[in-house]
Amino acid sequence: MTVTTTSPVFVTARYGGPEHQELAERPVPEPRPGEVLIEVRAAGVNPADVKRREGAFGNSAPMPMPMGLEASGVVVALGEGVTALAVGEEVLGAPARGQGAFASHTVLRAAEAVRKPQEISFVDAATLPVAGTTAYDLTHQVEIEAGQSLLVLGAGGGVGRMVLQIAAVHGFAAVGVASAAKRELIEETGAAFVAAGPGAAEAVRDLLPDGADLLVDLVGGEPLRALAPLVKDPAHLVSAADAATATELGGAGRERSEGVLEKIVGVVEAGLVDPHVLETYPLARAAEAIARVEQGHLGGKIVIVP
Ligand SMILES: NC(=O)c1ccc[n+]([C@@H]2O[C@H](COP(=O)([O-])OP(=O)(O)OC[C@H]3O[C@@H](n4cnc5c(N)ncnc54)[C@H](OP(=O)(O)O)[C@@H]3O)[C@@H](O)[C@H]2O)c1
C-alpha cells in the first residue's frame, strides 16, 4: 500500500500580485485537537483569495501562505477529541487558520465542518462555505417579507446569483443590477434586470417608485453610493463588498450568523439554490483559476478540483 506523506499545496510566497503564487510540496498536515484532515475533492475560488494574497485582510501571516478559503472532501484522519465526525465522511468547510483549500489535503475545524449530503456534488459543495453562506446572511441579516422589494447591486456574480435565488424562495420582488451580459442570468431567477452604470439609479426608480425595502451590495464604492438613496431605510443596506461605505451610509457589513453553513447546505440540498459552477480547474492550473476570478465579470463560480 502506498502511504501519501507529501501533499501539493498552492501558496503565495509573499503578499502582492500573482507572480508570488506557486504550487509547492509539503508534508501532509497533522490535524490538531478538534480538527480533521480531509482529502480535498473540490475548492471554491473567491475574490477574497485575491484580496488576502494582496494583504487586504492583514499582512502578518507566516509565509509561504496556503491559499483557498473553502473546501469539500473526505475525512481521512481525526485530531484528538473529535467524536462528531468519522474517517470516510464527506464534509465541507473553511480551512483552519494557517491552512489552505487549494491542496490535495487540508485541515478543517471539526466543529465548523458540515456533512455533505449525497444530493450535493463535491464541486457545488465547495462553493458554500464562502459564497453560499454570504448569500444566506445577506438575505436574512435584515428581515423583509414576501412581496417586499430587494435591490441587489452586483447581482450577476457568484454571491449575487445565489442571493437572487434565495430571494425567489422567499417571494421577494427582486431587482438585480449587473452588466448587460448578465441580463439572462438575472431574469432566469425571476428578478427584474437593470443595466449597471450611469442611469442605473433612474432605471431602478422607474421599477421601484417607493424605493427598495432592502439593498444588498456586492460592489461597494461609487456604484453603491449611487444606489443607496433608493433604499427606504438606510439601516436596510447590507454589503459584503464594502462594509466601510455601507456603515457610513447608515447600513452595515455582512455579519456571519450562527449555523449559517448548515442552513445554506439545506437550501441547496432541497434544490432551491444552484451555485452555478462555470468552470473547474485541476490544482496544477490553480493560478489560471484565480486569474479568472481576478479578471472579474464572471457569472458564476470557479472551482479547483485537485
Ligand atoms: N464579507 C464576506 O464574507 C464576503 C464573502 C463573499 C464575497 N464577498 C465580497 O463580495 C463581492 C462579490 O463577491 P462574488 O464572489 O460574487 O464576486 P464575483 O463572482 O467576482 O462577482 C462580482 C460581480 O460584481 C459585478 N460588478 C462589478 N462592478 C459592478 C458594478 N459597477 N455594477 C454592477 N455589478 C458590478 C461583476 O459583474 P460585471 O462586472 O460583469 O458586471 C460580477 O458579476 C466581492 O467584493 C467579495 O470579496 C464578501
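Chains are numbered independently. Their residues run from 1 in the order of the written sequence. Reporting in this predicted model follows two pLDDT cut-offs: at least 70 for local features of residues, and 80 or more for side-chain atom pairs to be given and counted; totals over whole chains, interfaces and linings ignore these cut-offs and use all residues. With hydrogens and water stripped out, all remaining heavy atoms of the structure feed into the side-chain values.

Engineer: Hey, could you run me through the site of the ligand in this one?
Structural biologist: Residue proximity to a molecule or strand is established when one non-hydrogen atom of the residue lies within 4 Å of it. In the vicinity of the ligand there are 22 residues, among which Lys51, Ser179, Lys182, Arg254 and His297 approach most closely. Throughout this description, a polar contact denotes any pair of N or O atoms lying within 3.5 Å of each other; where both atoms belong to protein, one of them has to be capable of donating a hydrogen while the other can accept it, and for residues adjacent in sequence the pair is counted only when both atoms sit in side chains. One nitrogen or oxygen atom from the side chain of Ser179 is found 2.8 Å from an oxygen atom belonging to the ligand. Within the contact set of the ligand, an oxygen atom lies 3.1 Å away from a backbone nitrogen or oxygen of Leu298. Isolated, the ligand exposes 920 Å² of accessible area, and the fraction of that covered by the protein chains is 80%. Mapped by element, the contributors of at least two residues to the shell around the ligand are helix H1 (47-53), helix H3 (128-140) and helix H4 (158-170). Its residues assigned to classes, the shell around the ligand comprises 12 nonpolar, 7 polar and 3 charged. Viewed by domain, the shell around the ligand spans two of them, domain 1 (6-127 + 275-305) and domain 2 (132-253), each represented by three or more residues. Areas reported here follow the Shrake-Rupley algorithm with a probe of radius 1.4 Å; residue values treat only the protein chains shown as occluding. A run of H or I in DSSP counts as a helix once it spans at least four residues, and a run of E counts as a strand once it spans at least two, with each numbered from the N terminus. Throughout, the ten residues Ala, Val, Leu, Ile, Met, Phe, Trp, Tyr, Cys and Pro are labelled nonpolar, Asp, Glu, Lys and Arg are labelled charged, and all others, Gly among them, are labelled polar. What marks off one domain from the next here is an automatic or database domain assignment.

Engineer: So what exactly am I meant to see when it comes to the sheet that holds strand S1 (residues 6-12) here?
Structural biologist: Strands belonging to one sheet form pairs held by backbone hydrogen bonds; the direction of such a pair is parallel or antiparallel. In this analysis, strands are considered paired if DSSP registers two or more bridges between them. One open sheet accounts for 3 strands, arranged S2-S1-S4; its pairing is antiparallel. Looking along the sheet, the strands with just one partner apiece sit at the ends: strand S2 (21-27) and strand S4 (65-66). Looking at chain direction, S1 and S4 are connected through 2 bridges and run antiparallel. Counted as the bridge partner of Val11 is Pro66 from S4.

Engineer: Any chance you could explain the pattern of salt bridges here in plain terms?
Structural biologist: Pairing is possible between side chains of opposite charge, provided their charged atoms come close. A carboxyl oxygen of Asp or Glu within 4 Å of a side-chain nitrogen of Lys or Arg is what we treat as a salt bridge. Enumeration according to the criterion identifies 14 salt bridges in this entry. A salt bridge links Glu39 to Arg41; its shortest N-O distance comes to 3.3 Å. Three labels apply to residues, based on accessible area from a 1.4 Å probe with only protein chains included: buried if under 20% of the type maximum, exposed if over 50%, partly exposed otherwise in between. Its relative accessible area of 30% is what places Glu39 among the partly exposed residues. Under the relative-accessibility criterion, Arg41 is labelled partly exposed at 33%. Across the pair Arg225 and Glu248 runs a salt bridge, and its minimum N-O distance is 2.9 Å. Of the two residues, Arg225 is situated in helix H7 (residues 221-227) and Glu248 in helix H8 (residues 243-248); the sequence distance between them amounts to 23 residues.

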